[in-house]
Amino acid sequence: MVVGEVANSTPPADACIPVEDLNKHTLVTGATGTGKTFTVATIVNRLTEGDYSVFFKPLILDWHGEYSSLLRDPEVKDPFQLPITLLSREEGYYSVEFASQVLGLTPAQEYVLLKSLESLGGEEDLDISDLVEALEGMPDESAWFRESRLSLMRKLRRLTIGGYKDLFSGGDPDLEVGSNRPLVIDLSKIGDLAIRRVYVAAFLKKIFDKALRGGFNSRRLLIVVEEARNLLGRDNYVEILVKMLDEIRKFGVGLVIVSQSPSALVEDVMANTSTKIVHSIKSAVDLEVLDKVVNMTGEIREILPYMDKGEAVLFSSFYKKPLLVRIV
Ligand SMILES: Nc1ncnc2c1ncn2[C@@H]1O[C@H](COP(=O)(O)OP(=O)(O)O)[C@@H](O)[C@H]1O
Ligand SMILES: [Mg+2]
């Protein structure tokens, strides 16, 4: 797949990445305003225009709500049209562990959450409001239990106030992967950034669970995760999602991780992305992290801080060496 042109090449030459490599994940990085989003939109547009032997359905988790104007014929959805349940009784501890990671629960709060789930009967997917209600009426075993119960209620209640109640009630998002029309989820509709993060994490987990059940074996999914720092940041990562980085490729899901700072991400991202498209980076810390994982030539290292918008260094299995390219 052509992503642009090789810079300073006479005669002009296309810059390519093998489509099948998308399944082995891609990192798009570079400082703000250097062209990351434009690059990803270019890749998605090429993917849907072209006739490739590998089929990918693009799914864009559009953190800032920018993609609808950049893509050709996207299907744009409001997250409130795609509500997700955070906790399911069927999944038991797996579900509690996930909620605990996403909400940043203490071990004591996690214990109280588990207890309250046990105390609730009825349907499989749990409404957060019902859970808060159950927590309200729960007898306290001890002073620490009471303290954890109240702080847990405070954390959960945030997810149930105003319109957010509907976001976390109502089954699995039903993803139609029959066509390669890009699906854009406009996350900017979720005003509260903490809730936006919880929603994306829960959404990804649902997709991963479906992938593990074989849901994307014949029709692959290419998921764009913008502002990846929110989920895969060094100091606030969701462990289940990090684990998936390594495992999900086997189940037909490729990720495009977009982040302005490689050093802000867990190391697994660098190790588990086969293609890397690096726009201009000025930060010495970020350059150092890159230097450790990819084979940079001295020349490339020197130009990285000074590249123009839309220029990038491409690290791809298709080329022996990193290549200076212009995304077009
Ligand atoms: N390859 C390119 N060709 C033309 N314009 C570009 C290119 N890359 C980026 N731009 C323009 O530069 C601006 C910033 O790009 P954007 O992709 O939003 O940056 P980032 O996502 O890294 O913050 C946008 O107005 C975009 O249209
Ligand atoms: Mg951007």
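Given the structure is predicted, the values throughout are model-derived calculations rather than measurements.

Reading the values: the criteria
- Residues numbered from 1 in each chain as written.
- Chains lettered and ligands numbered in written order.
- Predicted model: local features only at pLDDT ≥ 70, side-chain atom pairs only at ≥ 80, totals over all residues.
- Heavy atoms only, no water.
- Helix = DSSP H or I, 4+ residues; strand = E, 2+ residues; numbered from the N terminus.
- Rg over C-alpha atoms; globule rule 2.2 N^0.38 Å.
- Buried < 20%, exposed > 50% of the residue type's maximum accessible area, 1.4 Å probe, protein only.
- Contact = heavy atoms within 4.5 Å.
- Areas by Shrake-Rupley, 256 points an atom, 1.4 Å probe, with all protein chains shown as cover.
- Lys, Arg positive; Asp, Glu negative; His and termini not counted.
- Charge placed at Lys NZ, Arg CZ, Asp CG, Glu CD.
- Domains from an automatic or database assignment.
- Buried area = accessible area lost by both parts, 1.4 Å probe.
- Salt bridge = Lys/Arg side-chain N within 4 Å of Asp/Glu carboxyl O.
- Polar contact = N/O pair within 3.5 Å; in protein donor to acceptor, adjacent residues only side chain to side chain.
- Nonpolar A, V, L, I, M, F, W, Y, C, P; charged D, E, K, R; others polar.
- Near = heavy atom within 4 Å.
- Core = buried A, V, L, I, M, F, W, Y, C linked by side-chain atoms within 4.5 Å.
- Phe/Tyr/Trp six-rings, centres within 6.5 Å; stacked < 30°, edge-to-face > 60°.
- Expected span 1.5 Å × (residues − 1).

(A) Region of the structure containing the overall build of the protein chain. Helices and strands together make up the secondary structure of the protein chain, namely eleven helices and 13 strands. Its C-alpha atoms give the protein chain a radius of gyration of 21 Å, near enough to 20 Å, the size a compact globule of 328 residues would have. Along the longest, intermediate and shortest principal axes, the C-alpha atoms of the protein chain span 75 × 40 × 30 Å. In the protein chain, which comprises 328 residues, the share counted as buried stands at 55%. Relative to all contacts within the protein chain whose residues are 6 or more apart in sequence, the contacts with residues 24 or more apart total 75%. Accessible surface, the protein chain: about 14500 Å² in total, of which carbon and sulfur atoms supply 49%. Seen as two clouds, the 38 positive and the 48 negative side-chain charges of the protein chain have centres 2 Å apart.

(B) Up close: the domain arrangement of the protein chain. Considered domain by domain, the protein chain is made up of domain 1 (2–83 + 183–327) and domain 2 (87–168). The gap between the C-alpha centroids of domain 1 and domain 2 is 33 Å. Each side of the interface is counted separately: domain 1 has 19 residues, and domain 2 has 13 residues. Roughly 1600 Å² of surface becomes buried between domain 1 and domain 2 when both sides are summed, with 67% attributable to carbon and sulfur atoms. There are one salt bridge connecting domain 1 and domain 2. Taking the shortest distance from any N to any O, the salt bridge between Arg158 and Asp192 comes out at 3.1 Å. Taken together, the connections running from domain 1 to domain 2 amount to seven residue pairs in polar contact (both at pLDDT 80 or more). Breaking the side of domain 1 that touches domain 2 down by element, the ones donating at least two residues are helix H6 (193–212) and helix H8 (239–247). Of the residues forming the side of domain 1 that touches domain 2, the biggest block, nine residues, is contributed by H6. Across the side of domain 1 that touches domain 2, the residue classes tally to 13 nonpolar, one polar and five charged.

(C) Structural context of the environment of Leu135. Inspection of the secondary structure puts Leu135 in helix H4 (residues 128–136). The exposure class assigned to Leu135 is buried, which follows from its relative accessible area of 0%. Through-space distance from the C-alpha of Leu135 to that of Leu152 is 8.6 Å; in sequence the pair is 17 residues apart. Each residue touching Leu135, except ones within four places of it in the same chain, is listed here: Val112, Ser116, Arg149, Leu152, Met153 and Leu156.

(D) Region of interest: the site of ligand 1. Around ligand 1, a shell composed of Ala31, Thr32, Gly33, Thr34, Gly35, Lys36, Thr37, Phe38, Lys309, Gly310 and Ile327 is seen. Interatomic distance of 2.8 Å between a backbone N/O atom of Ile327 and a nitrogen atom of ligand 1. Protein chains shield 65% of the accessible area of ligand 1, which is 560 Å² for the free molecule. Looking at the shell around ligand 1, the element that brings in the most residues is helix H1 (residues 36–49), giving three residues. Of the residues that constitute the shell around ligand 1, the class distribution is three nonpolar, six polar and two charged.

(E) The nonpolar core, seen in detail. Counting residues in each nonpolar core, the largest one holds 83 residues, and the members touching the most others are Tyr199 and Ile223. For this core, the element with the most residues is H6, which contributes eleven residues. Taken domain by domain, the makeup of this core includes at least three residues from each of domain 1 (2–83 + 183–327) and domain 2 (87–168). With sequence-adjacent residues up to four places away left out, Tyr199 is seen in contact with Pro79, Leu82, Ile84, Leu167, Phe168, Ile185, Leu187 and Ile190. Counting 29 residues, the second-largest nonpolar core is a separate cluster that includes Ala15, Val44, Ile60 and Ile277.

(F) Representation of the packing of aromatic side chains in the model. Counted according to the given criterion, the structure contains six aromatic pairs. Judged by centre distance (6.2 Å) and plane angle (85°), the rings of Tyr111 and Phe145 are edge-to-face. Of this pair, Tyr111 sits in helix H3 (residues 107–119) while Phe145 sits in helix H5 (residues 143–157), and the two are 34 residues apart along the sequence. Assessed through its relative accessible area of 33%, Tyr111 is described here as partly exposed. Note on Phe318 and Tyr319: the rings are 5.2 Å apart at their centroids and 90° apart in plane angle, and the pair reads as edge-to-face. Looking at Tyr319, the relative accessible area reads 22%, which means it is partly exposed.

(G) Highlighting H6. With 20 residues, H6 should reach 28 Å at 1.5 Å per residue; the first-to-last C-alpha distance of 29 Å fits that figure. Most of H6 is tucked away: 16 of the 20 residues are buried. A side-chain oxygen of the first residue of H6 lies 3.0 Å from the backbone nitrogen of Ala194; this N-cap is Asp192. Taken from the residues just after H6, Gly214 is the one with a positive phi, measuring 90°.

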